[in-house]
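Architecture at a glance
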Amino acid sequence: MPTSRSVDPAELRSAVAAVAEWLTGSAPEPARPQLASAVRLSLRTLAQVAPGRSVEVRVPPFAAVQCVEGPRHTRGTPPNVIETDPRTWLELATGRLQWSDAVAEGRISASGVRADLSHWLPIVRL
């Protein structure tokens, strides 16, 4: 879940830049370590800019964070869960995809009254 270690904005930008051509469709899928780094750093950044524990954001197989202020979740499945694939998450995090479009296209599974991250996106623009 959220870590106390702050994300260096330059490190985040570098990690996301390494997968940017894949996001635009002009390059093949990046190596797993590059993809994992971009996903993990962007999720940790989300947890920093939207601190809290009322929403769990899952991007399997790489990471999950809890974020957004509100009632704290402690056991079992959280009441507010967002799950998506790495490409969709990174498109959202970089502003290449709008939250409402991703939901409408079924690229995000979001449950709960707080399961809307549109206020905090994008996290990084390239």
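Everything below is about the structure printed above this text.
Below is a summary of the structure that appears in this document. (Residues numbered from 1 in each chain as written. Predicted model: local features only at pLDDT ≥ 70, side-chain atom pairs only at ≥ 80, totals over all residues. Heavy atoms only, no water.)

1. Overview of the packing of aromatic side chains
This model, assessed by the stated rule, comprises zero aromatic pairs. It is Arg 87 that lies over the ring of Trp 22; its NZ or CZ is 4.5 Å from the centre. (Phe/Tyr/Trp six-rings, centres within 6.5 Å; stacked < 30°, edge-to-face > 60°. Lys NZ or Arg CZ within 6 Å of the ring centre and 35° of its normal.)

2. Quick look at the environment of Val 49
One can find Val 49 in helix H3 (residues 32-49). The spatial distance from the C-alpha of Val 49 to the C-alpha of Leu 121 is 9.9 Å, given a sequence separation of 72 residues. (Helix = DSSP H or I, 4+ residues; strand = E, 2+ residues; numbered from the N terminus.)

3. Remarks on the nonpolar core
Grouped together as the largest cluster of nonpolar side chains are 37 residues, with contacts concentrated most on Val 57, Trp 89, Leu 90 and Leu 117. Elements supplying a minimum of two residues to this core: helix H1 (9-17), helix H2 (20-24), H3, strand S1 (55-59), strand S2 (63-67), helix H4 (86-94) and helix H5 (99-104). A total of eight residues in this core trace back to one element, the largest contributor, which is H3. What Trp 89 contacts, discounting residues up to four positions off in sequence, is Val 39, Ser 42, Leu 43, Leu 46, Val 59, Thr 84, Leu 117, Leu 121 and Ile 123. (Core = buried A, V, L, I, M, F, W, Y, C linked by side-chain atoms within 4.5 Å. Buried < 20%, exposed > 50% of the residue type's maximum accessible area, 1.4 Å probe, protein only. Contact = heavy atoms within 4.5 Å.)

4. Some thoughts on the packing of H3 against H4
At a minimum axis separation of 10 Å, H3 and H4 run at an interaxial angle of 50 degrees. By the angle between their axes, H3 is oblique relative to H4. H4 is crossed by H3, and the crossing has left-handed handedness. From H3, Leu 35, Ala 38, Val 39, Ser 42, Leu 43 and Leu 46 reach across to H4, where they touch Pro 86, Trp 89, Leu 90 and Ala 93. The class makeup of the residues in the contact of H3 with H4 is nine nonpolar, one polar and no charged. (Axes fitted to C-alpha atoms, helices over the stretch in contact; angles between N-to-C directions. Parallel < 35°, antiparallel > 145°, perpendicular 65-115°, else oblique. Left-handed = near helix turned anticlockwise from the far one by under 90°. Nonpolar A, V, L, I, M, F, W, Y, C, P; charged D, E, K, R; others polar.)

5. Here we look at the sheet that holds strand S3 (residues 81-84)
Pairing in this open sheet of four strands is mixed, and the strands run S2-S1-S3-S4 from one edge to the other. Two strands close off the open sheet at either side, each with one partner strand: S2 and strand S4 (108-111). The average undirected angle you get between the axes of adjacent strands in this sheet is 10 degrees. Relative to S3, S1 runs parallel, the two being bridged by three bridges. (Pairing = 2+ DSSP bridges.)

6. Focus on the pairing of S1
The element S1 is largely enclosed, with a buried count of four among its five residues. Where S1 meets S2, five bridges bridge the pair, whose relative direction is antiparallel. Each bridged residue has a counterpart across the sheet, and for Val 55 the counterpart in S2 is Cys 67.

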